[in-house]
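Coordinates in review
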Amino acid sequence: MMSQLSYTIIKVIITSLIIVAISELSKRSSMVGALLASLPITSTLAMLWLYVDTKDINKLADLAGSILWFAIPSFVFFFSILILLKKGAPFYLTMGFSMSLTAGCYLLMIAILTRYGIKL
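The notes below deal with the structure included here. Just so it is clear, the model here is predicted, and its values are computed rather than measured.

1. Considerations on helix H4 (residues 57–86)
The first and last C-alpha atoms of H4 sit 43 Å apart over 30 residues, in line with the 44 Å expected at 1.5 Å per residue. The largest bend along H4 measures about 35° and falls at Ile 72, with the proline Pro 73 one to four residues further on. Taken together, the buried residues of H4 touch helix H3 (41–54) and helix H5 (91–115).

Structure, rendered in structure tokens:
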């Protein structure tokens, strides 16, 4: 039987290889890189690992629902990066601002969902 540490290391390696592959493919074709990056690979892997680890369908459904709600404010990240970089803003400033703006949108989404009784 595989130890927990070995299993965790395998999960990290598989997940890392996928991210590196997307990064490398993006160097050759931004369209292919964007297509792969836009797929819910991280979410799919998280759900896969959660199911393999727990076999708990309710936890999986809760995770899928929370991901759905948090996908909405994540669009702010991509819009702000697109706009700022096209306007000539420095890369690191753009990334920092976009991440901060997105974090604020996540907090706003949590507040809105809490107000309407939606539990994450």
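2. What about the packing of aromatic side chains?
For any pair of aromatic rings, the description rests on two quantities: the centre-to-centre distance and the angle between the ring planes. According to the stated counting rule, one finds four aromatic pairs in the structure shown. Residues Phe 70 and Tyr 106 carry aromatic rings whose centres are separated by 5.5 Å and whose planes lie at 85° to one another, so their mutual orientation is edge-to-face. With Phe 70 in helix H4 and Tyr 106 in helix H5, this residue pair connects regions lying 36 residues apart in the sequence. Among the residues examined, Phe 70 registers a relative accessible area of 25% and is labelled partly exposed. Tyr 106 sits in the partly exposed class, given a relative accessible area of 29%. Considering the side-chain rings of Phe 91 and Tyr 92, the 5.1 Å spacing of their centres and the 70° angle between planes classify their relative orientation as edge-to-face. Residue classification places Tyr 92 among the exposed residues on the basis of a relative accessible area of 70%. Over the face of the ring belonging to Tyr 116 we find Arg 115, whose NZ or CZ atom lies 5.8 Å from the ring centre.

3. Focus on the side chain of Ser 98
Secondary-structure assignment places Ser 98 in helix H5. Here the side chain of Ser 98 touches Thr 94 through a polar contact of 2.8 Å, landing on its backbone oxygen. Dropping the residues within four chain positions of it, Ser 98 is found in contact with Phe 77, Ser 80, Ile 81 and Leu 84.

4. Examining the pattern of salt bridges
Within this structure, the stated rule accounts for two salt bridges. Among the ionic pairs, Lys 11 bridges to Asp 53, the shortest N-O distance being 3.0 Å. Taken as a pair, Lys 11 in helix H1 (residues 4–28) and Asp 53 in helix H3 lie far apart in primary sequence, 42 residues in all. On the basis of relative accessible area, Lys 11 is assigned to the buried category, the value being 15%. Between Lys 27 and Glu 24 there is a salt bridge, with the nearest N and O atoms lying 2.9 Å from each other. With a gap of three residues between them, Lys 27 and Glu 24 both fall in helix H1, about one helical turn apart. Glu 24 sits in the partly exposed class, given a relative accessible area of 32%.

Scoring rules and cut-offs
Residues numbered from 1 in each chain as written. Predicted model: local features only at pLDDT ≥ 70, side-chain atom pairs only at ≥ 80, totals over all residues. Heavy atoms only, no water. Helix = DSSP H or I, 4+ residues; strand = E, 2+ residues; numbered from the N terminus. Expected span 1.5 Å × (residues − 1). Bend = angle between axes of the 7 residues up to and from the residue. Contact = heavy atoms within 4.5 Å. Phe/Tyr/Trp six-rings, centres within 6.5 Å; stacked < 30°, edge-to-face > 60°. Buried < 20%, exposed > 50% of the residue type's maximum accessible area, 1.4 Å probe, protein only. Lys NZ or Arg CZ within 6 Å of the ring centre and 35° of its normal. Polar contact = N/O pair within 3.5 Å; in protein donor to acceptor, adjacent residues only side chain to side chain. Salt bridge = Lys/Arg side-chain N within 4 Å of Asp/Glu carboxyl O.

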